Amino acid sequence: TADRPVFAQVFPGGRPDYRAFFITLRRIIAHKTMKTDFLVIGSGAAGLSFALKAAAHGHVTIVTKGEMNECNTNYAQGGICSVTYAPDTFEKHIRDTLVCGAGKCDEAAVELVVKRAPELIRDLIAWGTKFDKTPDGRFELNREGGHTEHRILHHEDLTGAEIERALITSVRKHPNITVLEHHFAIDLLTQHHLGEFVTRHTRGLACFGAYVLNLESNEIETVLAKFTVVAAGGCGNVYSSTTNPSVATGDGIAMCHRAKAITENMEFIQFHPTSLYHPAEKPNFLITEAMRGYGAILRLQNGEEFMDKYHPMKSLAPRDVVARAIYREMTKRGSDFVYLDVTHKDPDAIRSHFPNIYEKCLSIGIDITRQYIPVVPCAHYLCGGIKVDLDACTSIRRLYAVGECSCTGLHGGNRLASNSLIEAVVYADAAARHSLAHVDEYDFNTAVPAWNDEGTLSNEEKVLIAQDAKEVGQIMSNYVGIVRSDLRLKRAWTRLDLLYEETEELFKRVKATRDICELRNMINVGYLITRQAIERKESRGLHYTIDYPKHAYNYK
């Protein structure tokens, strides 16, 4: 019997250790294993729209480490892109995306998203999403930076929240979807966990589900799945200042990286030019780009307009251009922020178009109809991530990645404003189509060992984890931010390497908790961003380095 899994774990040398045997046996008996056709990790627009399509053909389990609406989708203000009315065309939307992407877009991905967008907008509407309309019943379309036409559907300045509301309502009603809130996916299950026999007899690396920490019981459960969809969002909290909610710690990317999936374009971090300058608050409150599309003007603290020095589109230039211009002006003058001015527009129209921003600013004593808004760039969106093909397939079989954690090639070196939400639902649809075509090919015969959850976490170690997480943010913001250099990147690499060694050693000794898992993931993602930034010996898109200051691509 020594070759059976439970014995092999406690008798590795063939010598009996009965105390260890019974401890392990008790752990295995208590261990909970769930089986599902589709495991979705994450609850934003990408994960939920995939779930709704897959649930018609099998059981779907969604795991999310907070409440369902704790995701980047819920914070997206501006809107969602789709060619809707003339004079806009697919060709114009494709060109705007390619120009903004700094020569790094995958043209097939751009064409897929742009041409499928109208159909997927109809799906969102069918699930209950309400987009703003004009009095004559047409969709009211906004324009944002980098766009040559009005093509952005919106719901006031809370578009993401409206899409998330509609999707959550539909998901909760569906009898074939199980939602596990407050469940943290720790690691993906691949051949690395399954022993020599499975490794030798399985063709290529494959995913069989995930180990999931129940944050309420503190027990680690095994979820086996025919297909796993990583839709775990972005990584903004790798930086000390971000518009992302606290859950955005790069978990999906880190899990896939540890499972040996390919990542790319991680160096292209988009810093939103206009977050509200309010140092006491985290995350930073986003001032949507739609406000600049509406006519708001960026000004220095002395009231001077300055974007005409940097780009012919002025305040509506692509985000990387605007963020670097603000950074340069702030650095030159030693100031902490610049201003966004919308006071020249009609007050009632401002309150109607941007009610959420109006109320937020008013709560800290700023009436945006009469006063300038203090703004500052901060980490906002990852254009790279887990590399996928046009079906959202990763380099690991039975594993898909959708949403911000994925790298489809749509965004290239710089995301065109409001392209992210439509990318999420288009690629979720592609993943659903592909997985449903193969769902009958797999079963649940794989034997998976229980997670070894021995260990304790002392109060002192919690202090170490909190301090290390803060240090990761400082390293990334200071050395891998809007402006970079070889020296800064090397310094980041050295410090992250030390944190990595210390954290991995600690992770082996303590019981898994959300805090240490998030720290581990942030260090992994910080490493990927830094490494791929070091490898790019040019300035392109969102990656700007003073050692190669001439941009490799000129926006037209």
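Residues numbered from 1 in each chain as written. Predicted model: local features only at pLDDT ≥ 70, side-chain atom pairs only at ≥ 80, totals over all residues. Heavy atoms only, no water.

How do you make sense of the overall build of the protein chain when you look at a structure like this?
Scanning the protein chain from terminus to terminus reveals 16 helices and 16 strands. Over its C-alpha trace the protein chain gives a radius of gyration of 24 Å, about what one expects of a compact globule, namely 24 Å for 556 residues. Considered along the principal axes of its C-alpha atoms, the protein chain spans approximately 80 × 50 × 45 Å. Sequence separation of 24 or more characterises 74% of the internal contacts of the protein chain that already satisfy a separation of 6 or more. As displayed, the protein chain has an accessible area near 22700 Å², and 50% of this comes from carbon and sulfur atoms. The average position of the 65 basic charges and that of the 69 acidic charges among the side chains of the protein chain differ by 3 Å. (Helix = DSSP H or I, 4+ residues; strand = E, 2+ residues; numbered from the N terminus. Rg over C-alpha atoms; globule rule 2.2 N^0.38 Å. Contact = heavy atoms within 4.5 Å. Areas by Shrake-Rupley, 256 points an atom, 1.4 Å probe, with all protein chains shown as cover. Lys, Arg positive; Asp, Glu negative; His and termini not counted. Charge placed at Lys NZ, Arg CZ, Asp CG, Glu CD.)

How should the pattern of salt bridges be read in this particular structure?
As a working rule, side chains carrying opposite charge can pair if their charged atoms are close by. A complete count under the given rule lists 34 salt bridges for this structure. Note that R172 and E181 form a salt bridge whose closest N and O atoms lie 3.1 Å from each other. Among the charged side chains, a network of salt bridges with common partners joins K53, R116, E119, D123, D429 and R433. (Salt bridge = Lys/Arg side-chain N within 4 Å of Asp/Glu carboxyl O.)

Please clarify how the side chain of N142 should be interpreted in this entry.
If you trace the backbone, N142 turns up in the loop between helix 5 (107-126) and strand 4 (152-153). Setting aside its immediate chain neighbours within four residues, N142 contacts H150, R151, I152, H154 and A290.

Help me understand the nonpolar core in this model?
As a rule of thumb, nonpolar side chains are buried together in soluble globular proteins. One finds I41, I186, L188, Y239 and I529 to be the most contacted residues of the largest nonpolar core, which totals 70 residues. Of the residues forming this core, the biggest block, 9 residues, is contributed by helix 16 (residues 514-535). F38, C105, A117 and I177 belong to the second largest nonpolar core, which has 52 residues in total. (Core = buried A, V, L, I, M, F, W, Y, C linked by side-chain atoms within 4.5 Å. Buried < 20%, exposed > 50% of the residue type's maximum accessible area, 1.4 Å probe, protein only.)

Where do I start with the sheet that holds strand 10 (residues 269-276) in this structure?
Two orientations exist for strands paired in a sheet by backbone hydrogen bonds: parallel and antiparallel. Read from one edge of the open sheet, 4 strands run 10-13-12-11, paired in antiparallel fashion. Each having just a single partner strand, strand 10 and strand 11 (297-299) make up the two edges of the open sheet. Pairs of neighbouring strands in the sheet enclose a mean axial angle of 45°, with direction left out of account. Judged from the 3 bridges that link them, strand 12 (residues 338-341) and strand 13 (residues 373-382) form a sheet pairing that is antiparallel. Within strand 13, the position partnered with L340 by the bridge is I373. (Pairing = 2+ DSSP bridges. Axes fitted to C-alpha atoms, helices over the stretch in contact; angles between N-to-C directions.)

In this structure, what is going on with helix 6 (residues 159-173)? I would like to understand it.
Note that an α-helix has 3.6 residues per turn; residues three or four places apart therefore point the same way. With 15 residues, helix 6 should cover 21 Å at 1.5 Å per step; its first-to-last C-alpha distance of 22 Å lies within 8% of that length. Along helix 6, the positions that sit buried rather than exposed are T159, G160, E162, I163, E164, A166, L167, I168, S170 and V171. (Expected span 1.5 Å × (residues − 1).)

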